[in-house]
Amino acid sequence: MTYTATQENPAQRSHNIKIHTPQDFDGMRAAGQLAAQCLDMIAQHVAPGVTTQRIDDLAREFVLDHGALPACVGYRGYRHTVCTSINHVICHGIPSPKTLKNGDIVNIDVTVIVDGWHGDTSRMYYAGEPKVKARRLCDVTFDCLWKGIEQVKPGNTLRDIGNAIQKYAENEGFSVVRDFCGHGLGRVFHDAPNVVHYGEYRDKFKEIHRAPDTVLEPGMFFTIEPMINHGKPEGKMLKDNWTAVTKDKSLSAQFEHSLAVTQTGYEIFTLSPKKLDKPPFSLSTE
């Protein structure tokens, strides 16, 4: 689940970045892998005619059957296990009886709790055959995620992550959403630091906004989850106070991993066990 840079959970969120122990990695590995397995399971169910509510039901059953908890149920009043963000929805789309149509692209975002640890991840899926521009947007967004991840190592900064994502996205003709960002996590769902997906930009008042130059240290846990738009970066919130959509109704895509800074680089907790990290998926072995 994405996190706004201006929101906080006053009951849990800390302003201090936690440095985790080697033992904490085991908890995050278990949570991250269960979240990834849930998204693997969902891959075979995303198709035209399937409702996003059905996808949510399947995810909830999977998480509970594996002895874990769906972190989003009850979070700030949210009632579902996953977020399902279709086409021009940037993030936090709410599952409903609405059916997917041929050509839809949809981001499915899940967070699970395993023994108190949070595994948070999302992927894009195709319902049927999307148009070329939708496929290219998903491809570039996936590459943006990896451009950011490749900057994760001790001594680099959060700004290095954002710079890499922004440079690649904009060079490919797309824009980076600025209103939502990645976040620290562990035993807390949303924690410090905020991980923005840009390096620097000027707003409509010509004011410069820069990503934090916080230095990365071994033991930091956080998500990287760039949201990339086919059109302009601006979004707006719908009346449900959850669903964020592109202001110009252009397509939007997102991928997310939970990861750690290690002594030599990074460890990703949420890689797909079945190599289904990016569509189109080969499900012949299902």
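For the structure, check the block above.
Residues numbered from 1 in each chain as written. Predicted model: local features only at pLDDT ≥ 70, side-chain atom pairs only at ≥ 80, totals over all residues. Heavy atoms only, no water.

Draft legend 1. Structural view of a positive patch on the surface. Taken together, the side chains of K204, K236, K247 and K249 define a basic patch exposed on the protein surface. Among the secondary structure elements, K204 is positioned in the loop between β10 (200-202) and β11 (208-210). (Patch = residues over 30% accessible without salt bridge, like charges linked within 9 Å, V, L, I, M, F, W, Y side chains within 5 Å. Areas by Shrake-Rupley, 256 points an atom, 1.4 Å probe, with all protein chains shown as cover. Salt bridge = Lys/Arg side-chain N within 4 Å of Asp/Glu carboxyl O. Lys, Arg positive; Asp, Glu negative; His and termini not counted. Charge placed at Lys NZ, Arg CZ, Asp CG, Glu CD. Helix = DSSP H or I, 4+ residues; strand = E, 2+ residues; numbered from the N terminus.)

Draft legend 2. Region of the structure containing the packing of aromatic side chains. For the structure shown, the criterion picks out 8 aromatic pairs. With 5.2 Å between their ring centres and 75° between their planes, F142 and F255 make a pair best called edge-to-face. A residue pair is termed long-range when its members are at least 10 positions apart, and F142 in helix α3 (residues 132-149) and F255 in the loop between β16 (252-254) and β17 (257-261) qualify at 113 residues. We classify F142 as buried; its relative accessible area is 14%. Accessibility expressed as a relative area gives 1% for F255, which makes it buried. Aromatic ring contacts, followed pair by pair, group F25, F221 and F269 into a single cluster. Of note, R178 hangs over the ring of Y201, and the distance from its end group to the ring centre comes to 4.0 Å. (Phe/Tyr/Trp six-rings, centres within 6.5 Å; stacked < 30°, edge-to-face > 60°. Buried < 20%, exposed > 50% of the residue type's maximum accessible area, 1.4 Å probe, protein only. Lys NZ or Arg CZ within 6 Å of the ring centre and 35° of its normal.)

Draft legend 3. Region of interest: the sheet that holds strand β15 (residues 244-246). Reading across from one edge, β4-β15-β14 is the order of the 3 strands in this open sheet, with antiparallel pairing throughout. One side of each edge strand has no neighbouring strand; the edge strands of this open sheet are β4 (89-91) and β14 (235-237). Pairwise comparison of adjacent strand axes, ignoring direction, gives a mean angle of 40° for this sheet. In this sheet, β15 lies alongside β4 in antiparallel orientation, the contact comprising 2 bridges. For C91, the partnering residue across the bridge sits in β15 and is A244. (Pairing = 2+ DSSP bridges. Axes fitted to C-alpha atoms, helices over the stretch in contact; angles between N-to-C directions.)

Draft legend 4. Looking closely at the sheet that holds strand β13 (residues 227-229). Across the sheet, 3 strands lie side by side as β7-β13-β16; this open sheet has antiparallel pairing. In this open sheet, the two edge strands, each paired with only one partner strand, are β7 (175-176) and β16. Pairing of β13 with β16 involves 3 bridges; the strand directions are antiparallel. Across the sheet, I228 pairs through a bridge with A253, a residue of β16. Across the sheet, α3 touches β13 and β16, and the angle it forms with β16 is around 35°. (Contact = heavy atoms within 4.5 Å.)

Draft legend 5. How the structure looks around the pattern of salt bridges. With the rule as written, the count across this model stands at 9 salt bridges. With a closest N to O distance of 2.7 Å, D26 and R29 form a salt bridge. Taken together, the residues D26 and R29, both in helix α1 (residues 22-43) and 3 residues apart, mark about one turn of the helix. For D26, a relative accessible area of 47% translates into the label partly exposed. By relative accessible area, R29 is classed as partly exposed at 34%. Its salt-bridge partner being K278, residue D139 comes within 3.3 Å of it at the nearest N-O pair. Of the two residues, D139 sits in helix α3 while K278 sits in the segment after β18 (266-268), which places them 139 residues apart along the sequence. Taking relative accessible area as the criterion, D139 reaches 28% and is therefore assigned partly exposed. A cluster of three or more residues bridged by salt bridges with shared partners is formed by D26, R29 and E267.

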